[in-house]
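The chain contents come next:
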Amino acid sequence: MVSQNGNHLRSGQLGTADVTASTIANIGPGIDFYFGFGVIAVTAGAAAPLTILAATVAVALLAFTVAEFTRKEPSAGSFITYVETALGARAGVATALLVTVGYTVAIASVFTMSGGLVTMTVSRYTSWHPWWGPFSLVLTAAAIWLTARGVKLSTIAVGAAVLIQVAIMIAVCLVVLVDQRAVLSGIPFSWGHLTGGLAGLSAGFPLALFMFIGWENGPALAEESRDPRRTIPRALYISVAISAALLVFFAYATITGFHYDVSSVGRSSVPFLTIADRYFGGAAVLAWIAGVVSVLATLIAGADSQSRLLFDGGRTGLLPKKLGQVRSQSGTPVNALVFMACAGLGIIGVWWASRLITGDTASMDPVGLYAECSTMATIVILFVYFLTALSLPVFMWRRHRDSFSPLRHVVIPALGSVTLIVPFVELCQPGQPAPYSAFPFVALALVAVVAVVACIVVRRHPGAGAGEGTEVPAT
């Protein structure tokens, strides 16, 4: 075990299965599919599963890039470590700040839906129609409490949650496919049924890509894993493959359950729950429960990985040092956990207050906030992905030149970067309704501010990032 004195995480706690389960939970094949697929289907048409396959290719390229970093120098800092090591302290500070903002906004959407889906379920099956805010607060506090007790315990919890949600969702899909066995077809995988062809694929691609966000969960757990140079790459590939297979299967069953009628999918607020109600009868309540379990698993897994990123930024001086401390009893970065929770809940509070001030209380819908936070977070995280892909060839050439491969370390990350252009362009299309129309400008302003702050931080603290690039002790 690594000593808990100072700023070290406790090593050797997690194996490949643990990291894989945590990563699948963070991807959230349940909650993201519930609230994302309807829009994808309306945008891309009956062949919407093709957008998921396209997103799988993009994520696989990005996962390969991150796996190459991890095989050489695994670190809880993940993106922050890799960019700082390759491009210098200023780029490291900028990445740390983008990670802080992007992933905090992303997890705010999960905080929202943790209470939102509970209240939707309660309202569906009882006469009580509670407000979602208190549920989000209580469930977030419970998740942070669990993660603070140790990564092994929280990983076991999310592993069980993943099994429950996936089993229920597969059961629903099988019932649908058996019921519709006489009309099963290849329409969902037919290019001719994409709305607008390539244009439809491109339009649905950003949303499909967002459904995979969380794939980068594993590298942040590297320092707490056994043999991380093997464990993390394996977990990366396995979790992406399993999640892709599940999402495509869910998409095929949903489209089939709606008889390939995309307009009907669009009229449903949560298409998967609609087919569960239609084909599963009274047992459909299990699908609602699976959604709640999914969002809670995503909350816990996301808190685990994101707190490690903030922790690493703090211990190396790229972020405030208070974030870089661990709790001696559990070996968890409690300060980073608490900061992340408070910041995420703060975003929800500001959003709620803005609706009260403007008098737009009718739009205080958790699904609306979930969509807004998800979109904004995706734009910011795309910058982080791009910086990471850009860093790999520099990192390998400077630090591991004897292992440098033009194909593995230049061509593949370049292809990964190219795939990011499509979602960025689509998310920044003019003519979108407010507040989505403002998000690209907010993101660009954020990047400009982050660049200035990074220069100031490094000038005042020349040693910032000096701890990055150090290797994980062998276990």
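Residues numbered from 1 in each chain as written. Predicted model: local features only at pLDDT ≥ 70, side-chain atom pairs only at ≥ 80, totals over all residues. Heavy atoms only, no water.

A.B. asks: So what's going on with helix H9 (residues 228–257)? Residues and values would help.
C.D. replies: Along an α-helix, residues three or four positions apart point the same way, because every turn accommodates 3.6 residues. Between its terminal C-alpha atoms H9 stretches 42 Å, which fits the 44 Å expected from 30 residues at 1.5 Å a residue. Of all 30 residues making up H9, 21 are buried, and the element is well covered by its neighbours. A positive phi of about 60° marks His259, the residue just after H9. (Helix = DSSP H or I, 4+ residues; strand = E, 2+ residues; numbered from the N terminus. Expected span 1.5 Å × (residues − 1). Buried < 20%, exposed > 50% of the residue type's maximum accessible area, 1.4 Å probe, protein only.)

A.B. asks: Tell me about the nonpolar core, residues and numbers included.
C.D. replies: Residues Phe33, Tyr34, Phe37, Ile52, Trp215, Phe272 and Tyr385 are the most contacted members of the largest nonpolar core, which totals 150 residues. No other element matches helix H5 (residues 89–125), which puts 17 residues into this core. Beyond its immediate chain neighbours, meaning those up to four positions away, Phe272 contacts Phe33, Tyr34, Met169, Val172, Cys173, Thr254 and Ala287. (Core = buried A, V, L, I, M, F, W, Y, C linked by side-chain atoms within 4.5 Å. Contact = heavy atoms within 4.5 Å.)

A.B. asks: Pulling in residues and values, what's your account of the pattern of salt bridges?
C.D. replies: In the structure shown here, the tally under the stated rule is 11 salt bridges. Of the charged contacts in the structure, one is a salt bridge between Arg315 and Glu223, with a shortest N-O distance of 2.3 Å. Pair noted here: Arg315 is in helix H12 (residues 285–315) and Glu223 is in the loop between helix H8 (198–212) and H9, with a separation of 92 residues, a long-range link. Per residue, the accessibility class of Arg315 equals that of Glu223, and both read buried. For Arg315, the salt bridge identified is with Asp312, shortest N-O distance 2.8 Å. Within this pair, Arg315 and its partner Asp312 are both found in helix H12, separated by three residues, close to a single helical turn. Salt bridges here are not isolated pairs; linked through shared partners, they connect Glu68, Arg71 and Arg408. (Salt bridge = Lys/Arg side-chain N within 4 Å of Asp/Glu carboxyl O.)

A.B. asks: Tell me about the packing of aromatic side chains, and name the residues and values.
C.D. replies: Applying the stated criterion across every chain yields a total of 21 aromatic pairs. With a centroid separation of 6.0 Å and 55° between ring planes, the pair formed by Trp131 and Trp132 is classed as tilted. In this structure an aromatic cluster arises from ring pairing among Phe33, Tyr34, Phe37, Phe249, Phe250 and Phe272. One Lys or Arg, Arg124, reaches over the ring of Tyr125 and ends 6.0 Å from the middle of that ring. One cation-aromatic arrangement involves Arg278 over Phe258; the distance from NZ or CZ to the ring centre is 5.1 Å. (Phe/Tyr/Trp six-rings, centres within 6.5 Å; stacked < 30°, edge-to-face > 60°. Lys NZ or Arg CZ within 6 Å of the ring centre and 35° of its normal.)

A.B. asks: How would you explain the side chain of Asp312 if you had to name every residue and give the values?
C.D. replies: Owing to a relative accessible area of 1%, Asp312 belongs among the buried residues under this scheme. Within the local environment of Asp312, its side chain forms a polar contact with the side chain of Arg315, the two groups lying 2.8 Å apart. (Polar contact = N/O pair within 3.5 Å; in protein donor to acceptor, adjacent residues only side chain to side chain.)

A.B. asks: Tell me about the environment of Val270, and name the residues and values.
C.D. replies: Within the secondary structure, Val270 sits in the loop between helix H10 (262–267) and helix H11 (271–280). Taking the C-alpha atoms as reference points, Val270 and Ile289, separated by 19 residues in sequence, lie 14 Å from one another. Excluding residues within four positions of it along the chain, Val270 makes contact with Tyr34, Phe35 and Met120.

A.B. asks: So what's going on with a nonpolar patch on the surface? Which residues, and what values?
C.D. replies: A surface patch of nonpolar side chains, amounting to about 330 Å² of accessible area, comprises Leu407, Val410, Val411 and Leu415. For Val411, the location among the structural elements is in helix H15 (residues 406–427). (Patch = residues over 30% accessible without salt bridge, like charges linked within 9 Å, V, L, I, M, F, W, Y side chains within 5 Å. Areas by Shrake-Rupley, 256 points an atom, 1.4 Å probe, with all protein chains shown as cover.)

A.B. asks: Which residues make up unusual backbone geometry, and what values go with them?
C.D. replies: Ala434 connects to Pro435 through a cis peptide bond whose omega is 0°. By secondary structure assignment, the location of Pro435 is in the loop between H15 and helix H16 (439–460). Unlike most non-glycine residues, Asp227 shows phi in positive territory, near 50°. Assignment of secondary structure puts Asp227 in the loop between H8 and H9. Asp227 sits in the partly exposed class, given a relative accessible area of 39%. Positive phi is not limited to glycine here, since His259 has a value of about 60°. On the secondary structure map, His259 appears in the loop between H9 and H10. On the basis of relative accessibility, which here comes to 47%, the residue His259 falls in the partly exposed class.

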